[in-house]
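Survey of secondary and tertiary structure
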Number of protein chains: 2
Amino acid sequence: MPLRRGELARRAGCNIETVRYYERIGLLPNPPRSENGFRSYEERHLTRLTFIRRARELGFTLEEVQNLLRLVDGGHSTCAQVQELALRHADEIQRKINDLHQMQHALKEMSAQCSGEEVPKCPIVEILSETS
Amino acid sequence: MPLRRGELARRAGCNIETVRYYERIGLLPNPPRSENGFRSYEERHLTRLTFIRRARELGFTLEEVQNLLRLVDGGHSTCAQVQELALRHADEIQRKINDLHQMQHALKEMSAQCSGEEVPKCPIVEILSETS
DNA sequence: TCTTGATCCTGTAGTAACTACAGGGGCTAC
DNA sequence: GTAGCCCCTGTAGTTACTACAGGATCAAGA
């Protein structure tokens, strides 16, 4: 199932130009070309691109995405390095999860207290501004 | 406790120039100025700025942050509107939480299976590429 | 009192991560 | 054979910052 650029982008949920951009900066490998010069992608490209798109939506920078990809691609030699990095990433992710839980709680609370004419005060801003 | 721009940025955890940028695009209100023309911020500015920084780190665009702020600032008239918006945001947040949980699980699994010389294969990319 | 250092001001230019467009070519289908 | 859709390349524009230049303010020390 070789995919062309447009179809790859569509399935990964990203813009068609983004594919070319990631190729240019080395985040996606240059794919083989078919006879007519069109880029020809495989499942593994789709997998990788979808991961990148999702990680970006979760607030990771492209540099952080690069680090994660290198981690799973096996760029690090020793187990200690891998563990260190994996756990550091996991901690960062936990922080994000906590923040999101707080946001969600605040929004649901607001929605629940919304009845009739009364629009309640939503504490989401105050809650998420605490320096934890 | 009036704060100047540098101290506000430092406490909120963002760059000093970002403050001016948010002011320019209308995300932060223009603060009063002291005698010498310096910007003079209050607690509420710090609260707002910290919220923005955190929301950005969680992958929300500035436009989405604007929407969240309008929601809590009371820009929407009816309760139905507020509920609709709040729940939509909460759903989006739940999706992010799910993705982060999967990433975290994959990373911890990888770290746990790391022993001695063996560096295991990490399924984080494959897992997060599933279109759920 | 003078100067050094830190901070502020404004305007503008540079960077990261896309996104859009112009000009041209390759298929397929009526 | 031409209309419509997709692809190619190069380049320019957008979003969200971030850095820098040139100058003013102000507290503290020599």
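- As named in an unreviewed UniProt entry, chain A is Helix-turn-helix domain-containing protein, taken from Modicisalibacter luteus.

**Re helix H3 (residues 43-57) of chain A**
- With 15 residues, H3 of chain A should reach 21 Å at 1.5 Å per residue; the first-to-last C-alpha distance of 21 Å fits that figure.
- The secondary structure elements touched by the buried residues of H3 of chain A are helix H1 (5-12), helix H2 (16-24) and helix H4 (62-73) of chain A together with helix H5 (79-112) and helix H6 (124-128) of chain B.
- Following H3 of chain A by one or two positions, Gly 59 of chain A has its phi on the positive side, about 90 degrees.

**A closer look at the environment of Asn 36 of chain B**
Residues and elements named next belong to chain B.
- Topologically, Asn 36 is positioned in the loop between helix H2 (16-24) and helix H3 (43-57).
- Exposure remark for Asn 36: the 5 C-beta atoms within 10 Å place this residue in the exposed category.
- Placed 27 residues apart in sequence, Asn 36 and Ala 9 show a C-alpha to C-alpha distance of 20 Å.

**Quick look at the packing of helix H1 (residues 5-12) of chain B against H3 of chain B**
All names here are of chain B.
- Running from N to C, H1 and H3 cross one another at 45 degrees; their axes reach a closest spacing of 9 Å. Viewed along their axes, H1 and H3 adopt a mutual orientation that is oblique. The interaxial crossing formed by H1 with H3 has right-handed handedness. Contacts between H1 and H3 pair Leu 8, Arg 11 and Ala 12 from the former with His 45, Leu 46, Leu 49, Thr 50 and Arg 53 from the latter.

**Some details on the UniProt feature "domain: HTH merR-type" (unreviewed entry) in chain A**
- The feature "domain: HTH merR-type" (unreviewed entry), as annotated in UniProt, sits at residues 1-71 of chain A in this numbering.
- Taken end to end, residues 1-71 of chain A has its terminal C-alpha atoms 28 Å apart, with 59% of it in helix and 0% in strand.

**Some remarks on the protein's contact with DNA strand D**
- Taken together, 19 residues form the shell around DNA strand D, and within it Arg 4, Gly 6 and Arg 39 of chain A together with Asn 15 and Asn 36 of chain B come nearest.
- Where the surface near DNA strand D is concerned, the elements lending two or more residues are H1 of chain A together with H2 and helix H4 (62-73) of chain B.
- Per-class residue counts for the surface near DNA strand D are five nonpolar, six polar and eight charged.

**Overview of the relation of the copies chain A and chain B**
- In screw terms, the move from chain A to chain B is a rotation of 180 degrees and a rise of 0.0 Å along the axis, fitting with an RMSD of 0.1 Å. As the rotation angle and translation indicate, the two copies are arranged about a two-fold axis. Scanning chain A for the C-alpha nearest the rotation axis identifies Gly 59 of chain A, at a separation of 1.9 Å.
- The overlap is high: 100% of the interface residues of chain A also sit at the interface in chain B, so the same surface is used on both sides.

Scoring rules and cut-offs
Residues numbered from 1 in each chain as written. Chains lettered and ligands numbered in written order. Predicted model: local features only at pLDDT ≥ 70, side-chain atom pairs only at ≥ 80, totals over all residues. Helix = DSSP H or I, 4+ residues; strand = E, 2+ residues; numbered from the N terminus. Expected span 1.5 Å × (residues − 1). Contact = placed C-beta atoms within 7 Å. Buried ≥ 20, exposed ≤ 12 C-beta atoms within 10 Å, placed from the backbone. Axes fitted to C-alpha atoms, helices over the stretch in contact; angles between N-to-C directions. Parallel < 35°, antiparallel > 145°, perpendicular 65-115°, else oblique. Left-handed = near helix turned anticlockwise from the far one by under 90°. UniProt positions renumbered as here; feature names shortened; annotations may be inferred. Near = placed C-beta within 6 Å. Nonpolar A, V, L, I, M, F, W, Y, C, P; charged D, E, K, R; others polar. Least-squares fit on C-alpha atoms with pLDDT ≥ 70 in both.

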